[in-house]
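Geometric and topological summary
The chain contents come next:
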Amino acid sequence: MVAEATARRSRITPEREAELYAAVLDLLREVGYDALTMDAVATRTRASKATLYRQWGGKAELVVKALRHQKPHFDEVDTGSLRGDLHAMVLRDDDCHMEQNSALMRGLMVAVHANPDLLAAFKEWIVEPEMSGVDRVLQRAVDRGEMRADNPARAYIIHMLVGGFATRTLIDEQPPTQAYLTSYIDAVVLPALVA
């Protein structure tokens, strides 16, 4: 399976792949998941549908990999403190990009629950890598003595982080921002983890 994926992926340069992913996200913002088609992606990117299917297998995988490509990874940051790591992750996206991603994710959440292929791809390419990356950040904090290894809040860190991001618009009718998320981390996430 890995060799097959590597063979499929090797036909497109990293630059072309990034261009395709950007076009997919633009289309997703314009029309939503349900109305997005491989024909539209092929037209927008001047690629053949056969190439798209050969490379990604289908719409669900293409969309989720496009999301994953533009998303900063938690474990790429190591500032030497848990607070610094969490703040650094928030500061990697500017407020405009966060607002765009918030709208995109709200639209996708409906589609994820209505489409088993999208849900499976979302779990494989977004949820599981995020959870693994956050766990490595937390393990470094345990290793440095910043938090206890058996802290029960550790199991809910993703829920806390996603909740702060996702509910900002719902509750406050404002987009998530760097200032909001860093204050949320200081007021909610860190006290739960370092208690």
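Residues numbered from 1 in each chain as written. Predicted model: local features only at pLDDT ≥ 70, side-chain atom pairs only at ≥ 80, totals over all residues. Heavy atoms only, no water.

Digging into the overall build of the protein chain
- A count of helices and strands for the protein chain gives ten helices and zero strands.
- Mapped in sequence order, the helices and strands of the protein chain form the string α-α-α-α-α-α-α-α-α-α.
- In terms of C-alpha radius of gyration, the protein chain reaches 18 Å, essentially the compact-globule figure of 16 Å for 195 residues.
- Oriented by its inertia axes, the alpha-carbon framework of the protein chain measures out at about 55 × 40 × 30 Å.
- In the protein chain, buried positions account for 41% of the 195 residues.
- Within the protein chain, residue pairs in contact and separated by at least 24 positions form 66% of the contacts whose partners lie at least 6 positions apart.
- With the model as given, the accessible surface of the protein chain reaches about 10,400 Å², and the carbon-plus-sulfur share is 58%.
- Side chains of the protein chain give 23 positive and 28 negative charges; the mean places of these two sets differ by 4 Å. (Helix = DSSP H or I, 4+ residues; strand = E, 2+ residues; numbered from the N terminus. Rg over C-alpha atoms; globule rule 2.2 N^0.38 Å. Buried < 20%, exposed > 50% of the residue type's maximum accessible area, 1.4 Å probe, protein only. Contact = heavy atoms within 4.5 Å. Areas by Shrake-Rupley, 256 points an atom, 1.4 Å probe, with all protein chains shown as cover. Lys, Arg positive; Asp, Glu negative; His and termini not counted. Charge placed at Lys NZ, Arg CZ, Asp CG, Glu CD.)

Focus: helix H8 (residues 116–143)
- The end-to-end C-alpha separation of H8 is 38 Å, in line with the 40 Å expected for 28 residues at 1.5 Å each.
- The largest bend along H8 measures about 40° and falls at Lys123.
- Of all the positions in H8, only Leu118, Ala121, Phe122, Ile126, Glu130, Gly133, Val134, Val137, Leu138, Arg140, Ala141 and Val142 are classed as buried.
- Turning to H8, the residues buried within the fold contact helix H2 (14–35), helix H5 (59–70), helix H6 (82–91), helix H7 (95–114), helix H9 (157–172) and helix H10 (178–194).
- Measuring from the side-chain oxygen of the N-cap residue of H8 to the backbone nitrogen of Asp117 gives 3.0 Å; that N-cap residue is Asn115.
- In the stretch just after H8, Gly145 is the one whose phi turns positive, near 85°. (Expected span 1.5 Å × (residues − 1). Bend = angle between axes of the 7 residues up to and from the residue. Polar contact = N/O pair within 3.5 Å; in protein donor to acceptor, adjacent residues only side chain to side chain.)

Considerations on the packing of aromatic side chains
- A full pass over the atoms with the stated rule returns two aromatic pairs.
- The interplanar angle of 25° and the centroid separation of 6.2 Å between the aromatic rings of Tyr180 and Tyr184 together place this pair among those described as stacked. In this pair, Tyr180 and Tyr184 both sit in helix H10, four residues apart, roughly one turn of the helix.
- If you follow Lys59 out to its NZ or CZ, it ends over the ring of Tyr33, 4.2 Å from the centre. (Phe/Tyr/Trp six-rings, centres within 6.5 Å; stacked < 30°, edge-to-face > 60°. Lys NZ or Arg CZ within 6 Å of the ring centre and 35° of its normal.)

Overview of the environment of Ala149
- For Ala149, the position within the fold is in the loop between H8 and H9.
- Remark: the alpha-carbon pair of Ala149 and Thr169, spanning 20 residues in sequence, is separated by 33 Å.
- When sequence neighbours within four positions are dropped, the list of residues in contact with Ala149 reads Val142 and Arg154.

Some remarks on the nonpolar core
- In this structure, Leu28, Tyr33, Leu52, Val63, Leu67 and Leu118 are the most contacted members of the largest nonpolar core, which totals 29 residues.
- At the level of secondary structure, the elements contributing two or more residues to this core comprise H2, helix H3 (38–45), helix H4 (49–56), H5, H7 and H8.
- The element best represented in this core is H2, accounting for seven residues.
- Leave out the neighbours within four places in its chain, and Leu118 touches Tyr33, Ala60, Val64, Leu108, Ala111 and Val112. (Core = buried A, V, L, I, M, F, W, Y, C linked by side-chain atoms within 4.5 Å.)

Focus: the environment of Tyr53
- Mapped onto the fold, Tyr53 is located in helix H4.
- On the accessibility criterion, Tyr53 (38% relative accessible area) is partly exposed.
- Between the C-alpha atom of Tyr53 and that of Met38, which follows or precedes it by 15 residues, the distance is 8.3 Å.
- When neighbours within four sequence positions are excluded, Tyr53 is seen to be in contact with Met38 and Gly58.

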